[in-house]
Amino acid sequence: MKASVVSLFFGLFVILQPGLTAAAVILNVTPNRQQFFTGEPVRLSCEEEEDGSSADGWTLKRKWVQQTETCGVEGFQNCRGGTYSVSALSHVDRGDYWCEDPKGRQTIKVTITVSDRFIMDIPALPVMVGGNVTLRCRERVGSPVLVKFFKFKEHQKPKGVASDGQFKIINIQKSDEGSYWCSHGQVTSASSTLHVRDPPVCAQTVSNLSLFRLFLHLVVITPYCITTGLLISIYCCRKTGKAPVGAPEITMQKVEHVDAAAVAPTMLN
């Protein structure tokens, strides 16, 4: 009976949490950029998205040209498990980085580029829908200059022109996802992908559930709740010796013994 109660609550929980998934793993890049100058530090690590702890069983990998390297193996030496720390980046650190588990599941790939002169600051981590992001293009030395920002497949004309080297995207949407780059005169930065993601399911409010879906939930779980409640009631009453709540009360009335000799004359009359 105890198992029935446990299964009831577990079933109810699963039904009302259709978007429940395992904790997500991300490739965290610190600082949160994809483009760097030579000599700058960077740290890449495979982490649990929920609390930032190390993701057990996940390995950091990278690919440059056609060669794939695994953390701690071959030329990927300054790496331990799921963490790669570099105090001074060089051109050999360029490439696609991602985390992978033994089952082959992968995180979003992040392309790290390294330049001696001109870069664009663009987040490595996905930006949430509805948020704001600022792309910045800058030289290693010197003050901000007039910069043109471009987006792949929309590069016939600039997405924006900024004298301070900054291009802001307000209330970002999935349509803003794509590859961006910037230029100053004859100098052009590398292109990097801006990733945009929907809010996690757990952050959505209950009001997002349709009334029809809620009605279906009730139709499914109500008979289960009633049946389980009756079984619990019967089980408890058997242990206490009492009748279940709502059961008809059966009473045995006392029938007095009637003397047959006394009744006979009355019947004859």
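Numbering of residues starts from 1 in every chain and runs along the sequence as written. Given that this is a predicted model, residues contribute local features only at a pLDDT of at least 70 and side-chain atom pairs are listed and counted only at 80 or more, while totals for whole chains, interfaces and linings are drawn from all residues. The side-chain numbers reported here are obtained from all heavy atoms of the structure, hydrogens and water having been left aside.

Details of the side chain of E100
What counts here: A run of DSSP states H or I qualifies as a helix once it reaches four residues; a run of E qualifies as a strand once it reaches two. Both are numbered from the N-terminal end. Under the rule applied, a polar contact is a pair of N or O atoms within 3.5 Å (in protein, one hydrogen donor and one hydrogen acceptor; residues adjacent in sequence only if both atoms are side-chain atoms). Only heavy atoms matter for contacts: two residues are in contact if any of them lie within 4.5 Å across the pair.
Among the secondary structure elements, E100 is positioned in strand 8 (residues 95–100). Separated by 3.0 Å, the side chains of E100 and W98 make a polar contact. The residues contacting E100, other than those within four sequence positions of it, are G57, W58, T59, K61, R105 and Q106.

Some points on the environment of T107
Applicable threshold: Exposure classes here rest on a 1.4 Å probe applied to the protein chains alone. A residue is buried below 20% of its type maximum, exposed above 50%, and partly exposed in between.
Looking at the element boundaries, T107 is found in the loop between strand 8 and strand 9 (110–115). Judged by its relative accessible area of 9%, T107 falls in the buried class. Distance in space between the C-alpha atoms of T107 and W58 is 9.9 Å, their sequence separation being 49 residues. When neighbours within four sequence positions are excluded, T107 is seen to be in contact with V25, I26, L27, W58, W98 and C99. Only 3.0 Å separates the side chain of T107 from the backbone nitrogen of C99, close enough to count as a polar contact.

Overview of the confidence of the model for the protein chain
Formally: A residue's pLDDT is the confidence the predictor assigns to it, expressed on a 0 to 100 scale.
When pLDDT is averaged along the protein chain, the result is 79, and 71% of the positions lie at 70 or above. Across the protein chain, strand 2 (residues 35–37) holds the top mean pLDDT of 97, while helix 1 (residues 2–16) sits lowest at 44. Segment residues 1–22 is flagged for pLDDT under 50; beyond a separation of four residues in sequence, or across chains, it makes 18 contacts in the model. Here residues 203–207 scores under 50 on pLDDT; set against residues more than four positions off or in separate chains, the count is one contact.

Quick notes on the state of the cysteines
Our working definition: For this text, the term disulfide refers to a pair of cysteine sulfurs within 2.5 Å.
Under the counting rule described, the total for this entry stands at three disulfides. Disulfide partner of C46: C99, at an S-S distance of 2.1 Å. Torsion about the S-S bond of the C46 and C99 cystine: about -100°, corresponding to left-handed handedness. Of the two residues, C46 sits in strand 3 (residues 42–48) while C99 sits in strand 8, which places them 53 residues apart along the sequence. For the residue pair C46 and C99, the accessibility class agrees, reading buried in each case. Here C71 connects covalently by a disulfide to C79, the sulfurs 1.7 Å from one another. Taking the sign of the S-S torsion, -105° for the link of C71 and C79, the bridge is left-handed. There is no split in this pair, since C71 and C79 are both buried. Among the cysteines of the protein chain that take part in disulfides, numbered as they appear in the sequence, the pairing is 1-4, 2-3, 5-6.

Points about the nonpolar core
As a reminder of what qualifies: The term nonpolar core refers to a set of buried residues drawn from Ala, Val, Leu, Ile, Met, Phe, Trp, Tyr and Cys, joined through side-chain atoms within 4.5 Å.
Core analysis: the biggest nonpolar cluster contains 22 residues, and L27, V29, L44, L60 and Y84 have the highest contact counts within it. Taken together, the elements giving at least two residues each to this core come down to strand 1 (25–30), strand 3, strand 7 (83–86), strand 8 and strand 9. Filtering out sequence-adjacent residues up to four positions away, V29 remains in contact with F36, V42, R43, L44, V110, I112 and A124. Membership of the second largest hydrophobic core comes to 19 residues, among which are M120, L135, V147 and Y180.

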